[in-house]
Amino acid sequence: MATSSEQICQGMNCSKPATLQCPSCLKLSIPNSFFCSQTCFKDNWATHKAIHKIAAMANGPPGEAGGSDPWPGYKYSGTLRPVYPLSPRRAVPDNIQKPDYAETGIPVSEQNIRSSSTIEALPKEDIDVLRKVCQIAREVIDIGAAAVKVGVTTDEIDRIIHEATIERGGYPSPLNYNGFKKSCCTSVNEVICHGVPDMRPLKDGDIVNLDVTVYKDGFHADLNETVPVGNVDANGLRLIKNARECLEKAIAMVKPGALYRDLGNVIEKHAKSEGFSVVKTYCGHGIHRLFHCAPNIPHYARNKAIGVMKVGHVFTIEPMINEGTWKDEMWPDNWTAVTQDGKRSAQFEQTMVVTKTGVEILTARK
């Protein structure tokens, strides 16, 4: 948070002098958003962020492809700009099994165990079902990746992924998860993760990460890949290669008895060996009947992740590797995470299960 001249704290039931101002409000030119401390700011975040959403509804000047930048005056960290309006929410047929948040946007089952660090070991019969769902997710992301080309919008890729998921009897897990508006995440250039598909056409030299999750037969399957668009420069290709290798090196460590916290050591060592950095804000996670659950798996070195790998543990590893700083910031949509310096980010992800002899990558391409 930035400092400013003394004002009155905007926290609920707080009237202390305040000198700290919300950084998102500064970028959006929203006045009088002062807080007395970081603690007070965090305690009031749930209500305060609504101000950002109101500002995000503003309609900006004409943008690329006849669309609009929805946040006029916002100081972007890089050159990428969103292109609105977003297309309407895509329909899911009634016969498709849906997760508990599909209508309300609230993942109640996850919230009920949010404070738990217990890692469930799945029995063979559950893993057999999950394996099939993971292969469907692999088919879907490969279809999406095949559509990546210069001039195609990320909204069109979202449509293709949505329809491929429905055709296979699945539900696109991101859709309405905590209110997310689309069926996959498309993260272009400096976007680290959770990019919202929009009307911006992909350009020659872009890199784009496709993050796909499919829910079917009671289980979620999650994976992502970074894809070059047209002619990508040598450093961009080197970044993509390093991100893929970081994931591969981490997967090679997975076996019964291994510590989850040790994965970050090998990832950061390899990223730094080529001058790249590792994002610290976002991590891998447990996944099965829930989209996100224990364990949490940081990708940076010397982390304090809890847990020892055991047979039947199912989780993702998904290191986000940056050209420049590891630090991130958030666009006003409260989803799109971008690099603080505007340089590019690449990522790869797989869902896997710990076996008696090591690991099975459930979302691997067969």
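To be clear, the structure that these remarks concern was listed above.
For clarity, every value in this text was computed on a predicted model and none was experimentally measured.

Trainee: Is there a simple way to think about the state of the cysteines in this case?
Mentor: Any covalent bond linking the sulfur atoms of two cysteines counts as a disulfide. Tallied over the entire structure, the rule returns zero disulfides. The cysteine Cys-293 is free of any disulfide, with Cys-283 supplying the nearest cysteine sulfur at 11 Å. Here Cys-293 falls in the buried class, since its relative accessible area comes to 10%.

Trainee: How should I be thinking about the packing of aromatic side chains in this particular structure?
Mentor: What describes a pair of aromatic rings is the distance from one ring centre to the other and the angle between the planes of the rings. Applying the stated criterion across every chain, the model contains ten aromatic pairs. Judged by centre distance (6.5 Å) and plane angle (70 degrees), the ring pair of Trp-71 and Tyr-74 falls under edge-to-face. For the pair formed by Trp-71 and Tyr-74, the shared burial category is buried. Consider the rings of Tyr-76 and Trp-331, whose centres lie 5.4 Å apart with planes at 85 degrees: the pair is edge-to-face. Taken together, the residues span a long stretch of sequence, with Tyr-76 in the loop between α3 (45-56) and α4 (108-111) and Trp-331 in the loop between β14 (328-330) and β15 (337-339) at a distance of 255 residues. Of the two residues, Tyr-76 and Trp-331, neither departs from the other in class, the shared state being buried. Joined through ring pairs, the aromatic side chains of Trp-71, Tyr-74, Tyr-76, Tyr-84 and Trp-331 make up one cluster. When the ring centre of Tyr-300 is taken as origin, the NZ or CZ atom of Lys-280, which lies over that ring, is 5.7 Å away.

Trainee: Looking at this model, I keep getting lost on the packing of helix α5 (residues 124-146) against helix α6 (residues 154-167). Mind explaining?
Mentor: Angle between the axes and distance between the axes are the two parameters that describe a pair of packed helices. Two elements in contact, α5 and α6, have axes separated by 9 Å at closest approach and are oriented at 150 degrees. As judged from the angle between their axes, α5 and α6 are roughly antiparallel. Considering how the two elements wind past one another, α5 and α6 form a crossing that is right-handed. Of the residues in α6, those touching α5 at Val-140, Ile-143 and Gly-144 are Ile-157, Ile-160, Ile-161, Ala-164 and Thr-165. Grouping the amino acids of the contact of α5 with α6 by side-chain chemistry returns six nonpolar, two polar and no charged.

Calculation rules
Residues numbered from 1 in each chain as written. Predicted model: local features only at pLDDT ≥ 70, side-chain atom pairs only at ≥ 80, totals over all residues. Heavy atoms only, no water. Disulfide = S-S within 2.5 Å. Buried < 20%, exposed > 50% of the residue type's maximum accessible area, 1.4 Å probe, protein only. Phe/Tyr/Trp six-rings, centres within 6.5 Å; stacked < 30°, edge-to-face > 60°. Helix = DSSP H or I, 4+ residues; strand = E, 2+ residues; numbered from the N terminus. Lys NZ or Arg CZ within 6 Å of the ring centre and 35° of its normal. Axes fitted to C-alpha atoms, helices over the stretch in contact; angles between N-to-C directions. Parallel < 35°, antiparallel > 145°, perpendicular 65-115°, else oblique. Left-handed = near helix turned anticlockwise from the far one by under 90°. Contact = heavy atoms within 4.5 Å. Nonpolar A, V, L, I, M, F, W, Y, C, P; charged D, E, K, R; others polar.

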